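# Structural features, examined
Here's the letter readout for the chains.
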Amino acid sequence: MEKTSQITNPIVTDYLNRFYSPLNPQMMNLRLSAEQDGIPIILRETESFLAVLLSIIHPERILEIGTAVGYSAAYFAQKTGAEVVTIEKSAEMYRQASCNISSLGLSGKVRILQGDGEEQIKLLSEKMEKAFDFIFIDAAKSHYQRFLDAAIHLTHPGSVIVSDNVLFRGTVADLQEETDRRHRTSIRRMQEYLEYLFHHPALESGLVSCGDGLSVSLVK
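Since the structure is predicted, the reported quantities are computational estimates derived from the model, not experimental observations. (Residues numbered from 1 in each chain as written. Predicted model: local features only at pLDDT ≥ 70, side-chain atom pairs only at ≥ 80, totals over all residues. Heavy atoms only, no water.)

Our next topic: the overall build of the protein. If you tally the helices and strands in the protein, you get eight helices and seven strands. Over its C-alpha atoms the protein spans a radius of gyration of 17 Å, differing by no more than 12% from the 17 Å that the globule rule assigns to 220 residues. Each of the three principal axes of the protein carries a C-alpha extent, and together these read 50 × 40 × 35 Å. Split into buried and exposed, the 220 residues of the protein put 49% on the buried side. Of the contacts formed within the protein by residues at least 6 apart in sequence, a portion of 67% connects residues at least 24 apart. Accessible area for the protein stands at about 10,900 Å²; split by element, carbon and sulfur atoms hold 53% of it. (Helix = DSSP H or I, 4+ residues; strand = E, 2+ residues; numbered from the N terminus. Rg over C-alpha atoms; globule rule 2.2 N^0.38 Å. Buried < 20%, exposed > 50% of the residue type's maximum accessible area, 1.4 Å probe, protein only. Contact = heavy atoms within 4.5 Å. Areas by Shrake-Rupley, 256 points an atom, 1.4 Å probe, with all protein chains shown as cover.)

Structure (structure tokens):
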């Protein structure tokens, strides 16, 4: 897991990760298990960056699109004490995440919804859910724009939206001709997403070359 990012020198990444400190042994065990099984979770350097960002924001409500095994949702809940709503499309990942959240004693803090991200966000909007202070997008990369468009209706001025893996291991900045068609489509969609993000009238955005690339957007 830790060697997938190619946007920074691996020596620098290894150095940064010397300063990584897990929240607790249970979370470290969950991280190691996910890394061993090849399940995508937030990279260690990404987690370290988010730790500082969340400490600045002090969110009370967090929305995540892309649960996987529940690592980041559990991290957000424990790090901030916030109410976390997380959405996962895969039934198998939903099952695993539910088990992990329960075993960590976080069922009262983390609500997991199963289904498409956009559809579930619209259902939340219809139920007049309160706005979220922090939104984390880390699901199907080619669908980031529709997730953003749906989620922005559940924000308020000052909300922060973070999108993970936006540099696609550096290929977003340097698309090669030999890249296969399926990946080329995903990369171009991510390029389009970043253009859309930086020209969105309701957002002020920046890019961070941390992990596999993060966009950080402030709702105006």
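Another aspect to go through is the packing of helix α3 (residues 44–57) against helix α4 (residues 71–80). A pair of packed helices is captured by two measures, namely the crossing angle of their axes and the spacing between those axes. Direction vectors running N to C along α3 and α4 enclose 40°, while the axes themselves pass 11 Å from each other. Between α3 and α4, the angle falls in the class oblique. Here the hand of the crossing between α3 and α4 comes out right-handed. Here Glu47, Leu50, Ala51, Leu54 and Ser55 of α3 lie close against α4, whose contacting residues are Tyr71, Tyr75, Phe76, Lys79 and Thr80. Tallied by class, the residues present in the contact of α3 with α4 amount to six nonpolar, two polar and two charged. (Axes fitted to C-alpha atoms, helices over the stretch in contact; angles between N-to-C directions. Parallel < 35°, antiparallel > 145°, perpendicular 65-115°, else oblique. Left-handed = near helix turned anticlockwise from the far one by under 90°. Nonpolar A, V, L, I, M, F, W, Y, C, P; charged D, E, K, R; others polar.)

Our focus in this paragraph is the pairing of strand β6 (residues 203–208). Two strands pair when backbone bridges link them, and β6 and strand β7 (residues 214–219) are joined in this way by six bridges, in the antiparallel orientation. Bridging across to β7, glycine 206 finds its partner in valine 216. In this structure, the hairpin formed by β6 and β7 is closed by a connection of five residues, where glycine 211 is found at a positive phi of approximately 60°. (Pairing = 2+ DSSP bridges.)

Before going further, it helps to examine the side chain of asparagine 24. Relative to the helices and strands, asparagine 24 is located in the loop between α1 (10–17) and α2 (25–37). Reaching out from asparagine 24, the side chain makes a polar contact with the backbone nitrogen of methionine 27 at a distance of 2.7 Å. (Polar contact = N/O pair within 3.5 Å; in protein donor to acceptor, adjacent residues only side chain to side chain.)

As a further point, take the sheet that holds β6. Pairing is mixed in the open sheet, where seven strands are placed in the order β3-β2-β1-β4-β5-β7-β6. The two strands at the open ends of the sheet, each matched to only one other strand, are β3 (110–114) and β6. If you compare each strand with its neighbour and ignore which way they point, the axes differ by 15° on average. For strand β4 (residues 134–137) and strand β5 (residues 160–164), the ladder comprises four bridges, and the chain directions are parallel. Along β5, the bridge assignment pairs phenylalanine 136 with valine 162.

The next subject is the pattern of salt bridges. Pairing is possible between side chains of opposite charge, provided their charged atoms come close. Tallied over the entire structure, the rule returns 12 salt bridges. Notably, a salt bridge pairs aspartate 138 with lysine 141, separated by 2.8 Å at the nearest N-O pair. Overall, aspartate 138 belongs to the buried group, its relative accessible area being 15%. Lysine 141 sits in the partly exposed class, given a relative accessible area of 21%. Connected through salt bridges with shared partners, the residues Arg31, Glu35, Arg44 and Glu47 form a single ionic network. (Salt bridge = Lys/Arg side-chain N within 4 Å of Asp/Glu carboxyl O.)

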